[in-house]
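Observations on chain architecture
Residues per chain are reported as follows:
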Amino acid sequence: MIFNTLESATVENIHKNSLEVLAQTGIAVESDKVLELLKASGVRVTSDGGRHIAFLPERLVEDSLKTVPRSYVLYGRGKGVEARFERGNPPLFGPSGVPHLVFENETCTRRQAGIKDYLAFVKLLDGLSNVDFISPPCTFTDLPEETIDFTTFFHLSNTTLKPFSIDFSNDYGFGAVLSAVEILKEGVYGGKPFVQFGFCPVISPLRLDRMGTDQLIDTAKAGIPVAPISMPQSGVSAPVTLAGTLTLMNAEVLSVLVLSQLARPGAPFLFGKRKA
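Okay, so let's go over this structure.

What counts as what
- Residues numbered from 1 in each chain as written.
- Predicted model: local features only at pLDDT ≥ 70, side-chain atom pairs only at ≥ 80, totals over all residues.
- Heavy atoms only, no water.
- Core = buried A, V, L, I, M, F, W, Y, C linked by side-chain atoms within 4.5 Å.
- Buried < 20%, exposed > 50% of the residue type's maximum accessible area, 1.4 Å probe, protein only.
- Helix = DSSP H or I, 4+ residues; strand = E, 2+ residues; numbered from the N terminus.
- Contact = heavy atoms within 4.5 Å.
- Polar contact = N/O pair within 3.5 Å; in protein donor to acceptor, adjacent residues only side chain to side chain.

Leu38, Leu56, Phe153, Phe164, Val181 and Phe197 are the most contacted members of the largest nonpolar core, which totals 60 residues. Broken down by element, this core gets its largest block of residues, nine residues, from helix 8 (residues 242-263). Ignoring anything within four residues of it in the chain, the contact list for Phe197 reads Ile166, Phe168, Phe174, Val177, Leu178, Val181, Thr219, Ile224, Pro225, Val226 and Ala227. Judged by nonpolar contacts, the second largest core, of five residues, contains Tyr72, Leu74, Phe85 and Phe133.

Structure (C-alpha cells):
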C-alpha cells in the first residue's frame, strides 16, 4: 500500500525541477574524496576561494537511478527475522532520533542518558513485535566521545535479534565498525546483510558535508546499505513553499544517491527526507 498526497504530475514536476537545480545551480562539496570521484566521472566543478561547486548533469542522475536496487533486505539473528525495504510493501517501523536526555517518571525530571538507559531501550525495542528494525534509541553521555559509535554498534549487535541501523557522530569509530560488520556478516549472519548505515551528509541548502559524504562513499564501496537524509527547514534553509522545499530535499538526496552509485554501481540506497 502506497499513501500519496501529491498528484503524479506534481511529483514529476518536482523531480524535473530538482534535476535542474543540480545541473544549473549545483551543489557545494567539502570533501576531496568526493571531488575526485565526481571529476573522474566527468562532472564539471568550479572553484573559487576554496569553495567548490559541482554541477551534476541530468544524465548522470538518471543513470544512477537506473543502477540503484529497487529493494533490499536486512536480516536479523532471530529465525525468520528480516526487514524488506521495498516500495509497495507494508511500512516498516523503527525508532528515530538519538536524544541525549531521558525522563525520570519518579521525579518528573530530565537527566543525561547513560549506557544503562541505552541497553534498556534496545532490549525493550527488541521485544516489541511491531518494531521491524532498531536504530540507536538514545545517545549515552557517560563514555568518551571517541568510543560512542563503536560501543553503540557493539551493544546493538550483541543485544538485538533484529536487523538494525547505526549513525555516526564522528570519524573515530567508523573504520572499526566497518571492519566489524564484515566479520559479523560472514561469521554470524551467513553472508547476509544485517545493518544499514545512516548519514546526515547534507547541510541545507545544497552543501555536502565532508565527514558524512566520505563515510557514505566507503560504506557504499563495502556494499552496506546507506540511508542518508536531508533535513531542510522551510523558510530558513529551504523555500517557504512545500513544493520548493520538496524540490530542494529531492535534489540534495539525489546528489548523495549519485555518489553512492559512482562509488559502487548497485549499492543499496534508502531514499530519506525529513522536512522541518
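Next comes the rest of the write-up.
Attention now moves to the side chain of Gln261. With respect to the helices and strands, the residue Gln261 is situated in helix 8. A relative accessible area of 4% means that Gln261 is categorised as buried. Among the polar contacts listed, one links the side chain of Gln261 to the side chain of Ser260, at a separation of 3.0 Å. Within the structure, the side chain of Gln261 is placed 3.0 Å from the backbone oxygen of Ala267, a separation counted as a polar contact. Excluding anything up to four places from it in sequence, Gln261 contacts Ser64, Thr67, Val68, Gly266 and Ala267.

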